[in-house]
Each structure stands twice: as C-alpha cells, then as structure tokens.
Amino acid sequence: MMIARLYTGSHDIISLRNAYHGNAAATMGATAQSCWKFNVIQSGVHHALNPDPYRGVFGSDGEKYAKDVQDIIDFGTTGHVAGFISEAIQGVGGIIELAPGYLPPVYKSIRKAGGICIADEVQAGFARTGSHFWGFESQGVVPDIVTMAKGIGNGIPLGAVVTTPEIAEVLTRRSYFNTFGGNPVCTAAGLAVLKVIEKENLQENALVVGSHLKTRLTELKDKYEIIGDVRGKGMMVGVELVTDRQQKSPAKAETLHVMEQMKELGVLIGKGGFHGNVFRITPPLCFTKEDADFLVDGMDYTMSKM
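Residues numbered from 1 in each chain as written. Predicted model: local features only at pLDDT ≥ 70, side-chain atom pairs only at ≥ 80, totals over all residues. Heavy atoms only, no water.

Draft legend 1. Spatial organisation of the overall build of the protein chain. Helix and strand content of the protein chain: 9 helices and 13 strands. When its C-alpha atoms are laid out on the principal axes, the protein chain stretches across 60 × 45 × 35 Å. Counting every atom, the protein chain has about 15,100 Å² of accessible surface; 56% of that belongs to carbon and sulfur. On the protein chain, the mean spot of the 29 positive side-chain charges and the mean spot of the 32 negative ones are 3 Å from each other. (Helix = DSSP H or I, 4+ residues; strand = E, 2+ residues; numbered from the N terminus. Areas by Shrake-Rupley, 256 points an atom, 1.4 Å probe, with all protein chains shown as cover. Lys, Arg positive; Asp, Glu negative; His and termini not counted. Charge placed at Lys NZ, Arg CZ, Asp CG, Glu CD.)

Next up, the structure:
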C-alpha cells in the first residue's frame, strides 16, 4: 500500500467489504470486518461492495459490483487513486469467490484513475486453487503488485512482495530495510517449497482432490438443510451453515458444535466469515482423496447426530 501511494502520488486505496488484509495499522484500514479493527487511525481507505455470489445484492453479476468501484472513484476521491487491493477468494471472510467477471472492469477503472492493482495471494496462492497457481488468474487479470506469505514457507515465517522494477524503484527514495528481509534460512525454505510443489505435482493434486472434496460436500448439502452453501476452488473450500436457507440466517452455535465434535473424531477444521458460520477447509496440498473422505464422513456423522 505504501509503494502504491509513493508510486502514484495519491493516497486513496480501495478495498472490499468483508476483506481481511492484516492487522498492522495500514492493513487494518484495508481490512473490512469490525471484529478485526481496533480503534486507531485508519485513513484513506474506501470499501466497495463485496462481489459475494451467495449474500451479495447482485448475486453473481460481477460487472454490477464493479460499477461501485467506479462510483467510489467518482464520488469519494479526487478522481485519482493510489490503488485497489483484493483477494481473488476471501479467506478469513469465509471462502468467498469474487463474482465472475469482477476484476477486469475494476482493474480498468483503477488504472484509468492512475492507480495500481494489488492482488493479495496470501491464502489463495501457491497452487491452492488447483486450476491456477495464483487466485487472480481465474479472473483473467494481471496485477501490478502481488503479496504472498504462508504458502511460500509451509510453516516457516516468510512473505514476499512482487512487482515491477519501475514500481519498486520508489523505495530507493529513502533508506528502506527490514530486519528480517532476505533471511537466508527462510529464503532457502521458500525455494524448497516451490521445488516440492512442482516435483510432486501438488497443483494437480489440489485440483483433483479438491474437486472430489467439493463434490462430496455438495452431496452433503443435499442431505442436510443446515448447509446453505458449498463454494471455493481446489483446496480452498467453504461450507456455510445457516438455520434457514431462505433467510440465510447464520448458524453460529451449530458451527461451533460441529467443529468441536469433529475435533473429537480427529479432524481439525477452521471457521471464518463475518458471522463465524463458515467452515474454512484449506488442507495441506498433499491431502489425499482418502483424507477428504475421512473429513466428509466425519462431518456427515456429526450432523446426523444433531
């Protein structure tokens, strides 16, 4: 975000509602869920309508959501912006895939306003979606900056920012460094991770096993009314629980119950979403079909006892 502001000479950043980009002072501003935001100064960030196919006002119509970004530029800024930041699939937000066709018109609007486009690939990147190595590729766009972490280190603390030499040059205007920048141990681990992903065909595994997992979870949705939505790609799958499918009312207590019962069966499963009613299923990329079946069978058993 700092690079975008320095490069463009503008201050305004556009993010999405329901987004999570971190909890440092600046990234907390780009984050848009009240439960993650402390009462500190978070200036210069505008939050656009979230292109959520399940709960969003325009369903899966990406172009209608994209118009809101142009409206923010026209009515909430000077007409010039520093940039736009988004995930392709919101992780903490509840495994929300951005509506199809959303990012191309948004990127066009941002660049027309002098801004640059930032893709947050911390959770969707490194082959997790299966169909592509990067989440943003599924929308057919090329960002100006890509942020990445977690998947790059496989447990080792490592993060990276990738951009063009022209954009990165702005950091040479002052003395900029990071105490842990270029840490050789972490860097070696990151290189090893990339080699293993390629050598063991983990992107293909994410696609094959992830598709199997999603199919089985969708079958579970047909069996239990409490499952309102099954979504995601590859090994980034979300299962949203609701007490009423029409009203889409969040099943918070039930989600916690299923989580605890599955833990007793030997399955650790995460949750997310603003209401805490979405299972975030993001297993390691070496996950097998047998593992997926064990997970789904455990969820089936638990729900059958409710």
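Draft legend 2. Expanded view of the pattern of salt bridges. Scanning the model with the defined rule gives 10 salt bridges in all. The partner of Glu240 in a salt bridge is Arg55, and the shortest N-O contact between them spans 2.7 Å. Of the two residues, Glu240 is situated in strand S10 (residues 236–244) and Arg55 in the loop between strand S2 (45–48) and helix H3 (62–76); the sequence distance between them amounts to 185 residues. For Arg216, the salt bridge is made with Asp297, and the minimal N-O distance between the two is 2.9 Å. Residue Arg216 is located in helix H7 (residues 202–223), and its partner Asp297 is located in helix H9 (residues 289–304); the two are separated by 81 residues in the primary sequence. Take Asp297: its relative accessible area is 41%, and that puts it in the partly exposed class. Several salt bridges converge on common partners, so that one network encompasses Arg55, Asp229, Arg231 and Glu240. (Salt bridge = Lys/Arg side-chain N within 4 Å of Asp/Glu carboxyl O. Buried < 20%, exposed > 50% of the residue type's maximum accessible area, 1.4 Å probe, protein only.)

Draft legend 3. Local environment of the sheet that holds strand S1 (residues 13–16). Taken together, 6 strands build an open sheet; the order of strands is S2-S1-S3-S6-S7-S8 and the sheet is mixed. Edge positions in the sheet fall to S2 and strand S8 (159–163), since each has one partner strand and no second. Averaged over neighbouring strand pairs, the angle between their axes works out to 20 degrees when direction is ignored. Alignment of strand S3 (residues 83–86) against strand S6 (residues 116–120), held across 4 bridges, turns out to be parallel. Looking across to S6, one finds that Phe84 is bridged to Cys117. The strands touched by H3 are S1, S2 and S3; relative to S2, the strand with the most contacts, the crossing angle is about 145 degrees. (Pairing = 2+ DSSP bridges. Axes fitted to C-alpha atoms, helices over the stretch in contact; angles between N-to-C directions. Contact = heavy atoms within 4.5 Å.)

Draft legend 4. Local environment of helix H6 (residues 184–199). If you check H6, its first and last C-alpha atoms are 22 Å apart, about what 16 residues at 1.5 Å a residue would give, namely 22 Å. The set of residues buried in H6 consists of Cys186, Ala189, Gly190, Val193 and Ile197. On an axial view of H6, the arc spanned by its buried residues comes to 100 degrees, and they lie on one face. When the buried face of H6 is taken as reference, the exposed residues oriented beyond 90 degrees from it are Pro184, Val185, Lys195, Glu198 and Lys199. Along its buried surface, H6 packs onto H7. Regarding H6, its N-cap is Asn183, as a side-chain oxygen of that residue lies 2.9 Å from the backbone nitrogen of Val185 further along. Positive phi shows up at Asn201, right after H6, with a value of about 50 degrees. (Expected span 1.5 Å × (residues − 1). Arc of directions from axis to C-beta. Polar contact = N/O pair within 3.5 Å; in protein donor to acceptor, adjacent residues only side chain to side chain.)

Draft legend 5. How the structure looks around the packing of H3 against helix H4 (residues 103–112). Two elements in contact, H3 and H4, have axes whose closest approach is 8 Å; the angle formed by their N-to-C orientations is 15 degrees. On the basis of the axis angle, H3 is roughly parallel to H4. Seen from above, H3 lies across H4 with right-handed handedness. Between H3, through Ala66, Val69, Gln70 and Ile73, and H4, the contact on the second element is made entirely by Pro105, Val106, Ser109 and Ile110. Its residues assigned to classes, the contact of H3 with H4 shows 6 nonpolar, 2 polar and no charged. (Parallel < 35°, antiparallel > 145°, perpendicular 65-115°, else oblique. Left-handed = near helix turned anticlockwise from the far one by under 90°. Nonpolar A, V, L, I, M, F, W, Y, C, P; charged D, E, K, R; others polar.)

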